[in-house]
Amino acid sequence: MNLIFIGYMASGKSTIGQQLAEKMGFKFIDLDNYIEVCEKMSVSDIFKTKGEIHFRKLEQSYLKKITANADKTIIALGGGTPCFYNTMEWLNELDNFKTIYLRTNLDILTDRLFLNKTRPLISHLETKEALKDFIAKHLFERSFFYNQASIVVESTTSEEETINNILFKLI
C-alpha cells in the first residue's frame, strides 16, 4: 500500500506524512522537495522564471514517475497538485494507493501561513486579512478536488491525534 497526502498549504501534509512514514516503516517523499532536487531550482524560482503552468506540468510528470515505482511510500503533494490535469481522478484509480485529504480550518491555515509567507502564491499578501481572504477563496475552489480523496481527516488537532485518526481509517 501507498498513501498520498493532499490538502492546502500548511495543512500538515509533509509533517504528518513524514511522521506516519516513520511509524509505518514507509519511505516518505515530499513532491515539492523532489522537484527542487531534480530541477536544481526552488519552487519559488520555478514559479518566477518559468510560470505556474510550467510548474504544474513538472508536478504531473514527476508524480507519475514516483507513483510508477512506489512501494510502501507516503507522498505529500503540493496544495495545487490535485487540482490540475485530472490528477485526483487519476490518483484514485491507481492500484495500491489511498489518497488522504488533511482538512484544516481557515483560521489555523491563516495563522500558520502568516508566520511564513515565502510560498510563491501568497508572498505578495501583506495583511493577515488579505491572506485569510485569499485562502478562503482558494479553499472554496479546491475543495471540489480535495474532497474526492479516499479518506478525509481533520488535521486541526494534535499531530499524534491526526496520525491515529489516519491509522484508524486505514483499517
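This report concerns the structure included in the present document.

Here is what the cut-offs are and how they apply
- Residues numbered from 1 in each chain as written.
- Predicted model: local features only at pLDDT ≥ 70, side-chain atom pairs only at ≥ 80, totals over all residues.
- Heavy atoms only, no water.
- Axes fitted to C-alpha atoms, helices over the stretch in contact; angles between N-to-C directions.
- Helix = DSSP H or I, 4+ residues; strand = E, 2+ residues; numbered from the N terminus.
- Parallel < 35°, antiparallel > 145°, perpendicular 65-115°, else oblique.
- Contact = heavy atoms within 4.5 Å.
- Nonpolar A, V, L, I, M, F, W, Y, C, P; charged D, E, K, R; others polar.
- Buried < 20%, exposed > 50% of the residue type's maximum accessible area, 1.4 Å probe, protein only.
- Pairing = 2+ DSSP bridges.
- Salt bridge = Lys/Arg side-chain N within 4 Å of Asp/Glu carboxyl O.

1. Thoughts on the packing of helix 2 (residues 31-39) against helix 4 (residues 52-68)
- Running from amino to carboxyl end, helix 2 crosses helix 4 at an angle of 100 degrees, the nearest separation of the two axes being 10 Å. Classed by the angle they form, the pair helix 2 and helix 4 counts as roughly perpendicular. Of the residues in helix 4, those in contact with Leu-31, Asp-32, Tyr-34, Ile-35, Cys-38 and Glu-39 of helix 2 are Phe-55, Leu-58, Glu-59, Tyr-62, Leu-63, Lys-65 and Ile-66.
- When its residues are assigned to classes, the contact of helix 2 with helix 4 shows 9 nonpolar, no polar and 4 charged.

2. Focus: the pairing of strand 5 (residues 151-154)
- Every second residue of strand 5 is oriented toward a common face, the buried set being Ile-151 and Val-153 and the non-buried set Val-152 and Glu-154.
- In terms of strand pairing, strand 4 (residues 97-103) meets strand 5 through 4 bridges, oriented parallel. Bridge pairing in strand 5 links Leu-102 to Val-153.

3. A few points about the pattern of salt bridges
- According to the stated counting rule, one finds 6 salt bridges in the structure shown.
- When the shortest N-O distance is used, the salt bridge between Glu-59 and Arg-56 registers 3.1 Å. Placement of the pair is Glu-59 and Arg-56 together in helix 4, with a separation of 3 residues, close to one helical turn.
- Classification of Arg-56 by relative accessible area gives buried; the value is 4%.

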